[in-house]
Amino acid sequence: VQLQASGGGLVQPGGSLRLSCAASGSIFRTNVMGWYRQAPGKQREMVSTITMVGGTTYADSVKGRFAISRDNAGNTVYLQMNSLKPEDTAVYYCNLRHLLDRWYEYWGQGTLVTVSS
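The following refers to the structure shown. (Residues numbered from 1 in each chain as written. Predicted model: local features only at pLDDT ≥ 70, side-chain atom pairs only at ≥ 80, totals over all residues. Heavy atoms only, no water.)

Here we take up the pairing of strand β5 (residues 45-51). Summarising the sheet, strand β4 (residues 31-38) and β5 pair through 6 bridges and their orientation is antiparallel. In the sheet register, Met 33 faces β5, and the bridge partner there is Ile 50. In textbook terms, the turn of a hairpin is the stretch between consecutive antiparallel strands, and for β4 and β5 this stretch comprises 6 residues, one of which, Gly 41, has a positive phi near 75 degrees. Bridging between β5 and strand β6 (residues 56-58) involves 3 bridges; their strand directions are antiparallel. Looking at the pairing, Ser 48 lines up with Tyr 58 of β6. (Pairing = 2+ DSSP bridges. Helix = DSSP H or I, 4+ residues; strand = E, 2+ residues; numbered from the N terminus.)

The next point concerns the pattern of salt bridges. Pairing between side chains of opposite charge can happen when the charged atoms of each approach one another. Applying the stated criterion across every chain, the model contains 4 salt bridges. Put simply, Lys 63 and Asp 60 hold a salt bridge, and the shortest N to O gap is 3.1 Å. Summarising the burial analysis for this pair, Lys 63 and Asp 60 share the class exposed. With a shortest N-O distance of 2.7 Å, Arg 65 and Asp 88 are connected by a salt bridge. With Arg 65 in the loop between β6 and β7 (66-70) and Asp 88 in the loop between β8 (76-81) and β9 (90-99), this pair connects stretches of sequence that are 23 residues apart. Taking relative accessible area as the criterion, Arg 65 reaches 11% and is therefore assigned buried. A relative accessible area of 0% means that Asp 88 is categorised as buried. (Salt bridge = Lys/Arg side-chain N within 4 Å of Asp/Glu carboxyl O. Buried < 20%, exposed > 50% of the residue type's maximum accessible area, 1.4 Å probe, protein only.)

Okay, the state of the cysteines next. As enumerated under the stated definition, the model contains 1 disulfide in all. The disulfide partner of Cys 21 is Cys 94, and the S-S distance across this bridge is 2.0 Å. For the disulfide bridge between Cys 21 and Cys 94, the dihedral angle about the S-S bond is near -85 degrees, and by the sign convention the bridge is left-handed. Note that Cys 21 is positioned in strand β3 (residues 17-24) and Cys 94 in strand β9, a separation of 73 residues in sequence. Like Cys 21, the residue Cys 94 is buried in the burial classification. (Disulfide = S-S within 2.5 Å.)

With that settled, consider the sheet that holds strand β1 (residues 2-6). Taken in spatial order, the 4 strands make up an open sheet running β1-β3-β8-β7, and their pairing is antiparallel. Strand pairing shows two members of the sheet lacking a second neighbour, β1 and β7, which therefore form its edges. Taking each pair of neighbouring strands and ignoring which way they run, the sheet shows an average axis angle of 15 degrees. Note: β3 against β8, 6 bridges, orientation antiparallel. Following the sheet pairing, Cys 21 is matched in β8 by Val 77. (Axes fitted to C-alpha atoms, helices over the stretch in contact; angles between N-to-C directions.)

Printed below as a string of structure tokens:
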């Protein structure tokens, strides 16, 4: 499985960005895709996840501002980020976990989001 993330960049506070992550390879039916982020000097944290049937989770810090979605085929996940704040600045990583005999986990290469005036 390979994950290709895109969409990061520089944006002013209050602005918006949309991240995309395309998964390729053999993906099992039971899976969860999501976004994590790591700010300088901090641990990686979950931002949002979405299951194949559309169940979502969000970190408290992004609720009401970010929205995660998947395409119909289920192999591309999006993160719409609105009302961005400087504290959202981080490298954002796409993640996929899928279940066969156990959970297998994969990470994308990361895309930098910088929120600054």
